[in-house]
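Chains, contacts and geometry: an overview
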Amino acid sequence: MYRGRLERDLKIWTDKGLVDAGTAKAILDEYDGRQTSFSAGRVLTIIAAVLLGLAILLFVSANWETIPRIARLLGLVTMIWAFYLAAAYLLGQGRSIIAAALLILGTLSFGGAMALVGQMYNLSGDELRMMLVWFAAACIVAALFRSSAQVGLAGFLAWAFCGVYLWGHFDEWYGIMPWMPPLMAAVLIRLVRYVDAPMARHLAYLMLVGWLTWLFGRHEGLNTAILFAALGMAAFLVVSLPASPLLSFARTAGAAPAFYTFLIASIGFFLVHAEISNGSFENNVWVEDKLPLVIVAAATLASSVIAIALTGRDNGAVRYLAYFVFSCEILYLASETIGSMIGTAGFFLVAGLLVAIAAWLVIQLERRFSSNSGQGTQA
C-alpha cells in the first residue's frame, strides 16, 4: 500500500520537475531493498516454511512409536540445529529470505520437540509453561539473528499463549499467568525496536488491548469502565501532548501508540455507556435520568475533539477513529434523546441532519489539515 503511494508521489514529483528520474528510481530501489518492506516472495516463503514445519511435525508424530527412543531424541536435536546452522550460513551469504524461512522451521521444530519429548519421558508441566518456553526461544532466536519474521512468529506464539489460557482458565485467575501477556508485549515491543520489525508491534498492542478488556470482564462494573476510559485517555495524552516528556519517544514508534491508547479510551467510553444502559447506578434512579448520559456523551465527544486537535493532522488512524467515535456518539444521542420524543421518520430526519453537519465539520477539518501541511512544506 505504502509503496504504491510512494511510487505515485514520485511520478508526480518527477513530472513537476521536483525530483529527477534517477533519484526517484534510487528511492524506490532503497525501499524495495529494506528487509521490512513488503515482498510477496518473502511472505510466500514464510508461509511455505510454516507448512513444511507442520508437515515434518505431523510426520514425526505419526511415526513416533516406531522410532527407537534414542533415535527420536537425537533426530529432533539434529533437526533443530540443522535448521539454525543452515540459517546462519545463508545469512552470511546474504540470502535473508531463505534464512528467515529456516529460522521459522527451527523454532517450530523446537516447539514440537518439546511436546514430543515431554510425552516420551512423561515430564511434568502444563501447556502454558511450554508456550512460555517456546515464546522465550523464539525471542532469543529473533534477537540473535535480528530476524523480523522471527519477531512476528514470537508475536503469534504470545497470542497462542493467550488462547491456551482463555481455553482453560477463561473465568479464573491462574497464578501469575495472567501477568504474562503484558510482559510478553513489553518484550515484543523491545524486540521490534532492536530488530526493526515495525509490523510486529501491532501484535503486541492488540494483545494489550485484549488483555485489558479481559480484565474488565473479570471486574465488570461502572467504576471499572470509567477507570478503563480514564486510563486510556490519560495514556493518549501522555503520548500526544506537545509538553509530554514521552512525546519524542512515542513518535519513534509511528502512529501506533496514539492510535491504540485512544482505542482503549474509546472502548472504555463504550463500556461506560453499556453500564449506564444496564442500570448500574444504585436503585436504578439514574436509568430514567438523562444526566449521566449527557455527561458521558459530552466526555466522549470531547475526547474525539481532543484526539483530532492533538494528532489529527499527522495521524490518520487516530483521526478516522475519532471521526467514527464522534459519529456513533451523535447517532446514539439522537436515538436516546430525540428518538423517544418523535416518530421514526422524524428520528431519521434529525439523525441525517446531524450526520450531515458532522460530515461538513470533517470536510472543513480535512481542508484545514491539507492547508497546514502545504504551508509547512513551503516553509
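For the structure itself, look to the data block above.
Residues numbered from 1 in each chain as written. Predicted model: local features only at pLDDT ≥ 70, side-chain atom pairs only at ≥ 80, totals over all residues. Heavy atoms only, no water.

Considering the packing of aromatic side chains
Aromatic ring pairs are described here by two measures, namely the spacing of the ring centres and the angle between the planes. In this structure the tally under the stated criterion is nine aromatic pairs. Summarising the aromatic geometry, the rings of Trp179 and Trp211 are spaced 5.9 Å apart at their centres and angled 55° between planes, so their arrangement reads as tilted. Residue Trp179 is located in the loop between helix 7 (148-169) and helix 8 (180-195), and its partner Trp211 is located in helix 9 (residues 201-218); the two are separated by 32 residues in the primary sequence. A relative accessible area of 48% places Trp179 in the partly exposed class. Assessed through its relative accessible area of 13%, Trp211 is described here as buried. Centroid distance Phe236 to Phe262: 5.5 Å. Interplanar angle 50°. Geometry classified as tilted. (Phe/Tyr/Trp six-rings, centres within 6.5 Å; stacked < 30°, edge-to-face > 60°. Helix = DSSP H or I, 4+ residues; strand = E, 2+ residues; numbered from the N terminus. Buried < 20%, exposed > 50% of the residue type's maximum accessible area, 1.4 Å probe, protein only.)

Quick word on the nonpolar core
Grouped together as the largest cluster of nonpolar side chains are 49 residues, with contacts concentrated most on Phe135, Val151, Phe161, Met177, Met184, Leu188 and Met207. Only helix 4 (69-92), helix 5 (96-121), helix 6 (127-145), helix 7, helix 8 and helix 9 provide two or more residues apiece to this core. Ignoring any residue separated from it by four or fewer positions in sequence, one finds Phe135 in contact with Ala154, Leu157, Ala158, Met184, Val187 and Leu188. Membership of the second largest hydrophobic core comes to 31 residues, among which are Phe216, Ala253, Ala258 and Val272. (Core = buried A, V, L, I, M, F, W, Y, C linked by side-chain atoms within 4.5 Å. Contact = heavy atoms within 4.5 Å.)

Some remarks on the pattern of salt bridges
One pass over the full model with this rule turns up one salt bridge. Notably, a salt bridge pairs Asp15 with Lys11, separated by 3.3 Å at the nearest N-O pair. Residue Asp15 and its partner Lys11 are located together in helix 1 (residues 2-15), separated by four residues, close to a single helical turn. (Salt bridge = Lys/Arg side-chain N within 4 Å of Asp/Glu carboxyl O.)

Quick word on unusual backbone geometry
One non-glycine residue, Arg146, adopts positive backbone phi at about 50°. Mapping Arg146 onto the fold places it in the loop between helix 6 and helix 7. Taking relative accessible area as the criterion, Arg146 reaches 43% and is therefore assigned partly exposed. Despite not being glycine, Asp196 has its phi angle at roughly 70°, a positive value. Within the secondary structure layout, Asp196 lies in the loop between helix 8 and helix 9. Judged by its relative accessible area of 47%, Asp196 falls in the partly exposed class.

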